[in-house]
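Given next are the chains, with one letter for each unit.
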Amino acid sequence: MNTSARVLSASVFVSFFLTFQAVVGGLAVWRIRKVVSALRVTDSIQSICDTISLELSERFPLKCFCIDLNGAYCRLSGRRLCNERMRYTNGMLGYTFDTPCDDMPTLVPDRIREEAAWCKTNGIPFLWALAPCKIDWNGDCFPSGWMTWNPNRLASGIASQLAAEGVETLDLIPTFAGTPELVTRNFFETDHHWRYEAALRATGMLVDRLADLIPDASLKGQSNLQTENWKWTDTGCTFLGSHGRRVGRYFGGISQFRYCTPRFKGLITRRNVSKGKVYKGGFSKSEMVSQVLREDNLYRCNKYSLYTGSDVGLQQHENLLAPNHRRIMIIKDSFGDPVSAFLTTVFTEVIQVDPRRIAADQSVLGLLESYHPDAVVECCGAMTLFAQKAGGK
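Basis of the calculations
Residues numbered from 1 in each chain as written. Predicted model: local features only at pLDDT ≥ 70, side-chain atom pairs only at ≥ 80, totals over all residues. Heavy atoms only, no water. Helix = DSSP H or I, 4+ residues; strand = E, 2+ residues; numbered from the N terminus. Contact = heavy atoms within 4.5 Å. Areas by Shrake-Rupley, 256 points an atom, 1.4 Å probe, with all protein chains shown as cover. Salt bridge = Lys/Arg side-chain N within 4 Å of Asp/Glu carboxyl O. Buried < 20%, exposed > 50% of the residue type's maximum accessible area, 1.4 Å probe, protein only. Pairing = 2+ DSSP bridges. Expected span 1.5 Å × (residues − 1). Arc of directions from axis to C-beta. Polar contact = N/O pair within 3.5 Å; in protein donor to acceptor, adjacent residues only side chain to side chain.

> Would you mind going over the overall build of the protein with me for this structure?
Helix and strand content of the protein: 14 helices and 13 strands. Once local pairs closer than 6 in sequence are excluded, the contacts in the protein between residues at least 24 apart make up 70%. With the model as given, the accessible surface of the protein reaches about 17,300 Å², and the carbon-plus-sulfur share is 52%.

Below, the structure is given as structure tokens:
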């Protein structure tokens, strides 16, 4: 497209969008000025859509329309990249990993060493479990020429370093993301998290390893963590996901959403200490945020927060009908949210800690001192190792 045509098309598009948005959506004049000031008349339609998507808040109804339009344009034009998200060769959406990682940490975060040392001093079993990033080991999911680093490989190196230092580790990457086929099976298409089938299986692997460390042979092969003892409900294509919400419904599609509830009974109290809320009842009432299932606006709701309410700094779970009467602490990121919920079906008490979200006057070591659990599990995704906040408190 020549410059004149580009200027004309950009002008028409911006005029139509902002005028319609101002009339229908009540877009304030100052916000129109902010968007316009960020645009250049030589921008492509895609650049214009990107700018509007970033500048407008989610409360403006036509933002979703603009994101969809942008994604559809990128898909029709054969682009792999849209709004900083990549469409992989298997059709799934994910991060780009095209920025060199020379400044990425390759050493074990100090916090993990401190936790392991505290547990060893106090005679408490500690298990560090590494959840996978949504990319296969060889990067075959990635379009050729786009990948400059693989977080799974770097994170597995950290797991090996911890193991060499005597820390019990469980690297889940080969099991859930070793090949492109495993990535397709175990991750949501439009979100960076693992499916609940994968999370339930991973929980079983964690408990089996804990059975060796505690030791307690009765924990091996816990029936409460077997897939057949859970009822699975498929809601169809109803999950847009964190990646999908950035690129719209037409660039990478919409994920199938399938969740599970136990076929056995529980009597659970979940205390959201960080927010001062308490939930009581069976698993569905206490561990699940059911309103996310009723939300039909794909852009408004993160359905991955179904179990335990997503990222919360500190929560306590007590299940009076659990088969094992130990207190377990799980230190986790978002990959550990469903794992935390599933653990409540095995242990009487589960303390759930997110180092990224705890209060400023709290620390993981301080919480370990306060709760003094019978065993500690850390379950975080590979990408968390390369985020500054995760290496902090």
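> Please explain the pattern of salt bridges as it appears in this structure.
Side chains that carry opposite charge are capable of pairing whenever their charged atoms lie near each other. Going through the model one piece at a time under the given rule, you end up with 19 salt bridges. In this structure, E378 and R111 form a salt bridge, with 3.3 Å as the shortest nitrogen-oxygen distance. On the criterion of sequence distance, the pair formed by E378 in strand β13 (residues 375–381) and R111 in helix α5 (residues 110–121) is long-range, its members being 267 residues apart. Both residues of the pair, E378 and R111, count as buried. With a closest N to O distance of 3.2 Å, R356 and D311 form a salt bridge. One end of the pair, R356, is in the loop between β12 (347–353) and α14 (364–371); the other, D311, is in the loop between α12 (291–294) and β10 (314–319), and 45 residues separate them in sequence. When its relative accessible area of 22% is taken as the criterion, R356 is described as partly exposed. Connected through salt bridges with shared partners, the residues D311, K332, D337, D354, R356 and R357 form a single ionic network.

> It is not clear to me how the pairing of strand β9 (residues 277–281) should be interpreted in this structure. Could you clarify?
Regular strands place side chains that alternate from one sheet face to the opposite one. Pairing of strand β8 (residues 268–272) with β9, which is carried by five bridges, proceeds in the antiparallel orientation. Bridged to R271 within β9 is V278.

> It is not clear to me how the sheet that holds strand β1 (residues 81–82) should be interpreted in this structure. Could you clarify?
The pairing of strands in a sheet comes from backbone hydrogen bonds and takes either a parallel or an antiparallel form. In spatial order, the strands read β1-β2-β3; together these three strands make up an open sheet with antiparallel pairing. Looking at strand neighbours, the two that pair on one side only are β1 and β3 (93–94), the edges of this open sheet. Alignment of strand β2 (residues 85–87) against β3, held across two bridges, turns out to be antiparallel. Across the sheet, the residue bridging to M86 is G94, located in β3.

> I keep staring at the environment of M288 and nothing clicks. Help me out?
Checked against the element boundaries, M288 lands in the loop between α11 (283–287) and α12. The spacing of M288 and G309 is 21 residues in sequence and 7.2 Å in space, taken between C-alpha atoms. Filtering out sequence-adjacent residues up to four positions away, M288 remains in contact with Y259, C260, T261, F283, L306 and Y307.

> Please clarify how helix α6 (residues 151–164) should be interpreted in this entry.
An α-helix turns once per 3.6 residues; consequently, residues spaced three or four apart project the same way. Taking 1.5 Å of rise per residue, the 14 residues of α6 would be expected to cover 20 Å, and the 20 Å separating its terminal C-alpha atoms lies within 8% of that figure. Of the residues making up α6, those classed as buried are P151, N152, A155, S156, I158, A159 and L162. Taken end-on, α6 shows its buried residues confined to a sector of 155°, consistent with a single buried face. Buried residues along α6 sit against α5, β4 (126–131), β5 (168–171) and α7 (173–177). Where α6 starts, the residue carrying a side-chain oxygen 3.0 Å from the main-chain nitrogen of N152 turns out to be N150. Of the residues one or two after α6, G166 is the one with positive phi, at around 95°.

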